[in-house]
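# Summary of structural features
So the chains spell out like this:
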Amino acid sequence: MEVLFESESVMKAFRNVATLSMTACAAMLAACQATQAGDPLPSWNAGASKSAIVDFVNRVTDESSPDYRPADDRVAVFDNDGTLWAERPFYFQLAYALDRVRAMAPEHPEWRSQDALRAVMEDDQAAMAGFGLPQLMEIVAATHSGMTTDEFHAAAREWQESALHPRFNRRYTELTYVPMVELLQYLRDNGFQTWIVSGGGIEFLRVFAEEAYGIPPQQVVGSSTQAEYRSDPSAPVIVKRPELGSVDDKAVKPVNINLHIGRRPILAFGNSDGDFEMLEYTTTGDGARLGLILHHDDAEREYAYDRESHIGRLVRGLDEAEERGWILVSMERDFRTVF
């Protein structure tokens with residue numbers, strides 16, 4: 001994992017909420033008009049991406065079509081970070097972990113002897129800019145373990161209800177992409193199961209996925225640490241341990257799809273090369289299939305990044321999408337609104 005922090009100036013910029021612009025009002029009005037006209041995806045602009053999605057859904061749900069798939073086969077998998085909600089200036093779960101270090105620090109004076117934790121407590125931007133996987137795992141172990149799953153869920157929910165994004169000054173859970181939430185519902189309305197298959201922590205995702213996306217906890221697949229069952233006659237619990245379990249990224253995603261879902265999906269949607277194998281696994285099966293990649297190319301409304309990004313890097317997906325028949329969805333061109 002590469003550098004996950006941007007400059008101090010970026011982190012402190014754009015903290016004031018802007019008034020609703022005429023452009024946003026127009027977008028909202030257009031979406032309402034589209035909904036009234038029966039458009040199944042009113043927050044998507046007309047174009048090749050939207051047409052490909054609607055055509056695919058029509059073909060696999062029409063019993064007279066040669067591409068028809070029974071409801072049991074209609075499994076759709078979605079990455080989360082950068083696909084269903086934003087992921088910059090760094091992954092939102094990392095923002096949670098950093099805030100938890102600071103909140104828990106008074107109870108853990110021993111953390112000052114650990115370089116990574118001390119850097120977070122002292123807001124040492126230079127040191128944090130050099131963090132790699134060992135330092136991140138140290139932070140995750142300190143903030144995500146030694147507690148029951150219920151205690152973790154309560155702490156994560158409290159943070160999600162109060163913490164604000166440094167640029168948009170909105171709760172992180174308000175930075176879900178409206179067109180993607182709309183797509184999830186459109187698919188479910190047409191008999192699809194919608195699953196999250198993310199590199200983010202499974203327990204962290206389960207706290208908000210149902211409310212934000214309509215995806216229940218049992219349809220969330222993510223990275224995990226190990227856990228243990230502790231028997232108590234009054235209230236048996238699951239306790240989170242610091243040891244790493246599964247990192248649900250790249251080639252591990254298809255393995256975990258097989259483990260948790262047991263069916264090869266027919267639709268996969270990602271945004272980075274960490275999703276490449278998931279799209280490859282999905283789209284190389286028999287019958288009609290659809291792979292989509294969200295390209296972050298809208299610096300004004302969100303962010304623009306791909307090949308050189310330290311988060312959500314997209315290189316192979318850009319180079320091979322066309323030959324593999326994957327749809328490259330442009331946030332700037334295809335999204336009528338973002339948040």
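Treat the numbers as computed from the prediction; the structure is a model and nothing was measured.

## Describing the overall build of the protein
- On a plain count of helices and strands, the protein comes out with 14 helices and 7 strands.
- Classification of the 339 residues of the protein by burial places 49% in the buried group.
- In the protein, of all internal contacts separated by at least 6 residues, the share reaching a separation of at least 24 is 67%.
- Split by element, the accessible area of the protein, about 15,700 Å² in all, is 51% carbon and sulfur.

## Topic: the packing of helix α3 (residues 48-61) against helix α9 (residues 178-189)
- In contact at an axis separation of 11 Å, α3 and α9 are set at 15° when each is read in the N-to-C sense. As the angle between them shows, α3 and α9 are arranged roughly parallel. As α3 runs across α9, the sense of the crossing is right-handed. Here Ile53, Val54, Val57 and Asn58 of α3 lie close against α9, whose contacting residues are Leu183, Tyr186 and Leu187.

## What about the pattern of salt bridges?
- With the rule as written, the count across this model stands at 24 salt bridges.
- A salt bridge links arginine 69 to aspartate 73; the shortest N-O distance between them is 3.8 Å.
- Judged by relative accessible area, arginine 69 falls into the buried class, the value being 13%.
- A salt bridge links aspartate 334 to arginine 333; its shortest N-O distance comes to 3.8 Å.
- By relative accessible area, which is 2% here, aspartate 334 ends up buried.
- Note on arginine 333: relative accessible area 53%, which makes it exposed.

## A few points about the pairing of strand β6 (residues 290-295)
- Counting buried positions along β6 yields 6 of 6 residues, so the element is predominantly enclosed.
- Neither face of β6 is left uncovered, since the one carrying Leu290, Leu292 and Leu294 and the one carrying Gly291, Ile293 and His295 both have all their residues buried.
- In this fold, the crossover linking strand β5 (residues 267-270) to β6 by way of helix α12 (residues 276-283) has right-handed handedness.
- Sheet topology places β6 next to strand β7 (residues 327-330); 4 bridges connect them, and they run parallel. Its bridge partner lying in β7, histidine 295 is registered against serine 330.
- With helix α13 (residues 316-324) bridging β6 and the parallel β7, this β-α-β connection has right-handed handedness.

## Some details on the sheet that holds β6
- One open sheet holds the 7 strands; their spatial order is β4-β3-β2-β1-β5-β6-β7, and the pairing between them is mixed. Each having just a single partner strand, β4 (237-246) and β7 make up the two edges of the open sheet. Across this sheet, the average inter-strand angle for adjacent strands is 35°, counted without regard to direction.
- As defined by bridge partners, β5 adjoins β6 across 4 bridges and the pair is classed as parallel. Looking across to β6, one finds that glycine 270 is bridged to isoleucine 293.
- α12 contacts β1 (75-78), β2 (193-201), β5 and β6 of the sheet and is inclined by roughly 165° relative to β5.

## A look at the side chain of serine 198
- Within the secondary structure layout, serine 198 lies in strand β2.
- Residue classification places serine 198 among the buried residues on the basis of a relative accessible area of 0%.
- Those residues in contact with serine 198, other than ones at most four positions away along the chain, are Asp79, Asn80, Asp81, Leu205, Val221, Gly222, Ser223, Asp248 and Lys253.

## What to know about the packing of helix α11 (residues 252-260) against α12
- In the contact formed by α11 and α12, the axes pass within 7 Å of each other and the chain directions differ by 55°. As far as their axial angle goes, α12 and α11 are oblique. On the side of α11, the interface is formed by Lys253, Pro254, Ile257 and Asn258, while α12 contributes Glu277, Met278 and Tyr281.
- In terms of residue class, the contact of α11 with α12 is built from 4 nonpolar, 1 polar and 2 charged.

## Some remarks on α13
- Within α13 the residues assigned to the buried category are Gly317, Leu318, Glu320 and Ala321.
- Taken from the residues just after α13, glycine 325 is the one with a positive phi, measuring 80°.

## Details of unusual backbone geometry
- For the peptide bond that leads from arginine 88 to proline 89, omega is 10°, which places it in the cis range.
- If you trace the backbone, proline 89 turns up in the loop between β1 and α4 (92-104).
- Positive phi outside glycine occurs at asparagine 169, with the angle close to 55°.
- Relative to the elements of secondary structure, asparagine 169 occurs in the loop between α8 (149-160) and α9.
- One non-glycine residue with positive phi stands out, namely lysine 250, at about 55°.
- Mapped onto the fold, lysine 250 is located in the loop between β4 and α11.
- With relative accessibility at 46%, the residue lysine 250 sits in the partly exposed group.

## Let's talk about the confidence of the model for the protein
- Counting all residues, the mean pLDDT for the protein is 91, and 89% of those residues have values of 70 or more.
- In the predicted structure, residues 1-36 sits below a pLDDT of 50 and forms 52 contacts with residues beyond four places in sequence or in another chain.

## Here we look at the nonpolar core
- In this structure, Trp44, Phe78, Tyr177, Met180, Leu183, Tyr213 and Phe269 are the most contacted members of the largest nonpolar core, which totals 76 residues.
- In this view, methionine 180 contacts Trp44, Phe78, Thr83, Leu84, Phe269 and Phe335; residues no more than four positions away in its chain are not counted.

What counts as what
Residues numbered from 1 in each chain as written. Predicted model: local features only at pLDDT ≥ 70, side-chain atom pairs only at ≥ 80, totals over all residues. Heavy atoms only, no water. Helix = DSSP H or I, 4+ residues; strand = E, 2+ residues; numbered from the N terminus. Buried < 20%, exposed > 50% of the residue type's maximum accessible area, 1.4 Å probe, protein only. Contact = heavy atoms within 4.5 Å. Areas by Shrake-Rupley, 256 points an atom, 1.4 Å probe, with all protein chains shown as cover. Axes fitted to C-alpha atoms, helices over the stretch in contact; angles between N-to-C directions. Parallel < 35°, antiparallel > 145°, perpendicular 65-115°, else oblique. Left-handed = near helix turned anticlockwise from the far one by under 90°. Salt bridge = Lys/Arg side-chain N within 4 Å of Asp/Glu carboxyl O. Right-handed = clockwise from strand over helix to strand, strands pointing away. Pairing = 2+ DSSP bridges. Nonpolar A, V, L, I, M, F, W, Y, C, P; charged D, E, K, R; others polar. pLDDT = per-residue confidence, 0-100. Core = buried A, V, L, I, M, F, W, Y, C linked by side-chain atoms within 4.5 Å.

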